[in-house]
Amino acid sequence: MAEAAARKRMAFGQFQTYSPKVFIPLTKLCRDLCHYCTFSRPRPGQRAYMTPDAVLATARAGAEAGCTEALFTLGDKPELRFEQARRELAELGFGSTIDYLEAMCRLVLTETGMIPHVNAGIMLREEMVRLKAVSGSQGLMLETVADRLGEKGGPHYRSPDKVPAVRLEAMRLAGELKIPFTTGILIGIGETRAERIDALLAIRDLHLEFGHIQEVIVQNFRANPLTPMADAAEPSHEDLLWSIAAARMILPPDISLQAPPNLSDASFPHLLDAGINDWGGVSPVTPDHVNPSHPWPALDKLRAATEASGRRLVARLPAYPAFLDVPWQDDAPRRALLAQSDAHGMARMDTWSPGQPLSARSCFGPVPGKLSRDITHIVERAQTGAGIGEAEIEALFSARGAEVEHICHAADALRRTVNGDEVTFVVNRNINYTNICTHKCSFCAFSKGKTADNLRGSPYDLDLSEVARRANEAVARGGTEVCMQGGIHPSYTGDTYLGLLRAVKRAQSGLHIHAFSPLEVRHGAQTLGLGLEDYLTRLKDAGLGSLPGTAAEILDDEIRVIICPDKLNTAEWLETIEVAHRVGLRTTATIMFGHVDHPGHWARHLIAIRDLQQRTGGFTEFVPLPFVPMEAPMGLKGQSRRGPTFREVRLMHAVARLALHPHLTSIQVSWVKLGAEGATACLNGGANDMGGTLMDESISRAAGAAHGQELAPQEMEELIHGIGRTPRQRTTLYGDVTASTRKAGRDAAPLTPIILTPPKKIRGKEIISV
């Protein structure tokens, strides 16, 4: 057991997983006559099959309770034995149990977003293919490879679907079809320990050939008075522990090992010591229909036992992280799994997405549990400015429960030491001069999107007089900065950007211009045939005060090739920013996270920012930008997660504070993506800056964010005072603002309504002028 537990820790770390599920017993009839089975038996006066309404009601109750798995369990081909089954299938309009199962899986997947896991017994190849299209995983317990147990007097007598060779062939077919698969052994039904080992070796060999076995269950027989084996002896608890440990020693390390906690009664915590890393499915809604006399332990008891062993209880999906994408998933379940997953491929434990109000499930507070020594050591190193490495940063992003609170508390303490209790913000106006763009970034809803006309209007290109008018209005309303960015318009050249700067400076010579992403800078330089340093110098001479460090997204080309393949790469982004710093232009640094990226990418991004800051000192702040999925093309197409979870948002701000210390001292929170509640949580977890008031914010709103287009200075101050901190209005480069400028911002009139002229055709597109 000690060796098995060590192997478990090596393969799975501190995560102890379980699947929040709802049990859907589509039919409890079966053609087999297993002597230990309490699930399958005729029930006079009851339906043979659940109705579609009953299936959907059960699934919806599970979804409402936060479940992600719809476990369809049913007997093998009952229509071959029972007239009632044949009659009901005909009434429902289906030719077989598998036909009906396929329809019900599709119904649950489509109507609730829950992902079916199918235990349907022995199936034909084409039936497995059909079910793969509507489920995230399938399962079949091998149970045993002992043929003698099917002889007369054995537990599998008169059970044709329990012939070991038949079951092994079904498992082999699942491997050929790239179906994520669950199997296992049943101990205590008359097999020997040697036969258990033979079964485990057979499972191992199939996995080594196909790589499809995601989990193995070691299940102990429990006698039931309603079965022919009512008087059979049950395996001892020690025998179960031995079998689990043997499975961990025999199976490849990438296979999860599970034992049902409800079948060990009060002794279930001991299972952790034998090598399991998964508790299996646990339902807050439905009983265990296979073992109804053994209810699942309450989730709080499961959590307490897990935490007491020094592990973290983590909800997972029916398909494990390695099986969430092609070739393991067909399109419909892949989309559903992606929508339900977090950055580690585990189950999302909140229903929130950036840009939306926080839900009750997103709330946070004191979480009991032990802290791992690894996490506390990494945090302590980061607080000294030691420059924690990639693996250490990734470990912080893996934190759960009490460890999240510890990291956020440590980041907040470091913020207090570095920044005091001051929270800064800048009064600024966004001027997005065009939303026409030649690039096809899959995360961007600003330049294109399915319902874009409802959010940002038709394609536009502001003329210079309108840009100047908006600059004048910004100053009249107390603004000290205009933030100017736009799409890569096909007719724009480097002179266009210079013209925009001159228009603003002619209108307001003292207004700070924070403008042009590194992508726009490179575009401008290339159109004029200039080097980056020459062009950035021209921009600076024309009035550019600083650059937004946008277009960074994720500074890892493994992700950039997916989300923005025609955009600048990581090296080009870093080069542009470094040259900007060299010519005396400060910049921000950003990360746009929570789509198809993972914590390893985040760690490499933070290190790239830290390394550049150590060389130049040119970054003013680090700005985490949670991906807003609602109207983003990749979100609409089901090609991304639903943005980061709120746990991941909190960790991003806190880990950034720790990982970038002491080189980058300002961490900004995006109120437009997180709202007041989310911003407050991050300000209490390492952030010290609220960014801009953002008159005319449009990019996050185009993606579906619902937090408004402006947060007035007095609203900023009320929010900051509300958490016991001191607000300070700053300039772009963190200087002080005069009293008269502050007063102008507080006495400002509402923004002038924007009037649109009739559209005109330019290069085949309707362009609306302002």
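Treat the numbers as computed from the prediction; the structure is a model and nothing was measured.

Before going further, it helps to examine the packing of aromatic side chains. Evaluation of the coordinates by the stated rule reveals 11 aromatic pairs. Ring geometry for Phe94 and Tyr100: centres 5.1 Å apart, planes at 50 degrees, overall tilted. With a relative accessible area of 26%, Phe94 lands in the partly exposed category. Both rings, one in Phe593 and one in Trp602, keep their centres 5.7 Å apart while their planes meet at 80 degrees; by these two values the pair is edge-to-face. Phe593 sits in the buried class, given a relative accessible area of 0%. Exposure remark for Trp602: the relative accessible area of 0% places this residue in the buried category.

As for its placement among the helices and strands, Glu191 is situated in the loop between strand 5 (181-187) and helix 7 (193-210). For Glu191, a relative accessible area of 9% puts it in the buried group. A polar side-chain atom of Glu191 sits 2.9 Å from the main-chain amide nitrogen of Ile189. In this structure the side chain of Glu191 is engaged in a polar contact, spanning 2.7 Å, whose partner is the side chain of Arg196.

Side chains on a regular strand alternate between the two faces of the sheet. Looking at chain direction, strand 13 (residues 512-515) and strand 14 (residues 544-547) are connected through 2 bridges and run parallel. Bridge pairing in strand 14 links His514 to Ser546.

The next thing to look at is helix 18 (residues 532-541). Residues Leu532, Tyr535, Leu536 and Leu539 constitute the buried set of helix 18. All buried residues of helix 18 fall inside an arc of 100 degrees around its axis, so they share one side. In this structure, the buried side of helix 18 is in contact with helix 16 (494-507), helix 17 (518-528), strand 14 and helix 20 (570-582). Backbone geometry just downstream of helix 18 places Gly543 in the positive-phi region, at approximately 120 degrees.

Once that is clear, we can look at the sheet that holds strand 17 (residues 689-692). In spatial order, the strands read 17-10-18; together these 3 strands make up an open sheet with parallel pairing. Since the sheet does not close on itself, it has two edges, and those belong to strand 17 and strand 18 (726-729), each with one partner. Strand-to-strand, the axes of this sheet are offset by a mean angle of 20 degrees, without reference to chain direction. Across 4 bridges, strand 10 (residues 422-426) lies against strand 18 in parallel orientation. Note that in strand 18 the partner of Val423 across the bridge is Pro727. Across the sheet, helix 24 (residues 671-683) touches strand 10 and strand 17, and the angle it forms with strand 17 is around 160 degrees.

Take the nonpolar core next. Residues Ile407, Met484, Phe516, Leu539, Trp573, Phe622 and Met690 are the most contacted members of the largest nonpolar core, which totals 114 residues. Here the element with the most residues in this core is helix 23 (residues 646-660); it accounts for 10 residues. The residues contacting Trp573, other than those within four sequence positions of it, are Pro518, Gly549, Thr550, Ala551, Ala552, Leu555, Leu568, Ile609 and Phe619.

It is worth spelling out the environment of Pro253 at this point. By the element assignment, Pro253 lies in the loop between helix 8 (237-250) and strand 7 (256-258). Not counting residues within four places of it along the chain, the set of residues in contact with Pro253 comprises Ala11, Phe12 and Arg248.

Taken across its 11 residues, helix 17 has 8 buried, putting it largely inside the fold. Within helix 17, the full set of buried residues consists of Pro518, Leu519, Glu520, Val521, Arg522, His523, Gly524 and Ala525. For helix 17, the elements touching its buried residues are helix 16, helix 18, strand 14 and helix 20. Positive phi shows up at Gly529, right after helix 17, with a value of about 70 degrees.

It is worth spelling out the pattern of salt bridges at this point. This model, assessed by the stated rule, comprises 51 salt bridges. One salt bridge in this structure joins Arg130 and Asp99, with 2.5 Å as the shortest N-O distance. Highlighted residues: Arg130 in helix 5 (residues 125-132) and Asp99 in helix 4 (residues 97-112), separated in sequence by 31 residues. Across the pair Arg222 and Asp265 runs a salt bridge whose closest N-O atoms are separated by 3.3 Å. Here the residue Arg222 occupies a position in the loop between strand 6 (213-220) and helix 8, and Asp265 occupies one in the loop between strand 7 and strand 8 (278-282), the gap between them amounting to 43 residues. Owing to a relative accessible area of 18%, Arg222 belongs among the buried residues under this scheme. A residue is classified by how much of its surface remains accessible, and Asp265, at 42% relative accessible area, is partly exposed. Several salt bridges share partner residues, and in doing so they unite Asp99, Glu102, Arg106, Glu126 and Arg130 into one network.

Parameters at a glance
- Residues take numbers from 1 onward in each chain, read along the sequence in its written order.
- With pLDDT at 70 or above as the cut-off, local features in this predicted model cover only qualifying residues; side-chain atom pairs require 80 or more to be listed or tallied, and sums for whole chains, interfaces and linings still use all residues.
- Side-chain calculation: all heavy atoms of the structure are included, whereas hydrogens and water are not.
- Pairing of aromatic rings covers Phe, Tyr and Trp, the last through its six-membered ring, and needs centres within 6.5 Å; plane angles under 30 degrees mean stacked, over 60 mean edge-to-face, and all others mean tilted.
- Burial classification: accessible surface area is computed with a 1.4 Å probe over protein chains only, and a residue below 20% of its type maximum counts as buried, one above 50% as exposed, and the rest as partly exposed.
- A run of DSSP states H or I qualifies as a helix once it reaches four residues; a run of E qualifies as a strand once it reaches two. Both are numbered from the N-terminal end.
- Two N or O atoms count as a polar contact when they lie within 3.5 Å, although within protein this holds only if one can serve as hydrogen donor and the other as acceptor, and sequence-adjacent residues are included solely when both atoms are side-chain atoms.
- Whether two strands pair comes down to DSSP finding at least two bridges between them.
- By arc we mean the arc of the directions from the helix axis to the C-beta atoms, nothing more.
- Between two residues, a contact is recorded if the distance between any of their heavy atoms is within 4.5 Å.
- Only C-alpha atoms enter the line fits that serve as axes; for helices the fit covers just the stretch in contact. Angles between N-to-C directions range over 0 to 180 degrees.
- As used in this record, nonpolar core signifies buried Ala, Val, Leu, Ile, Met, Phe, Trp, Tyr and Cys residues forming a set joined through side-chain atoms within 4.5 Å.
- Each salt bridge in this description consists of a side-chain nitrogen of Lys or Arg and a carboxyl oxygen of Asp or Glu lying within 4 Å of one another.

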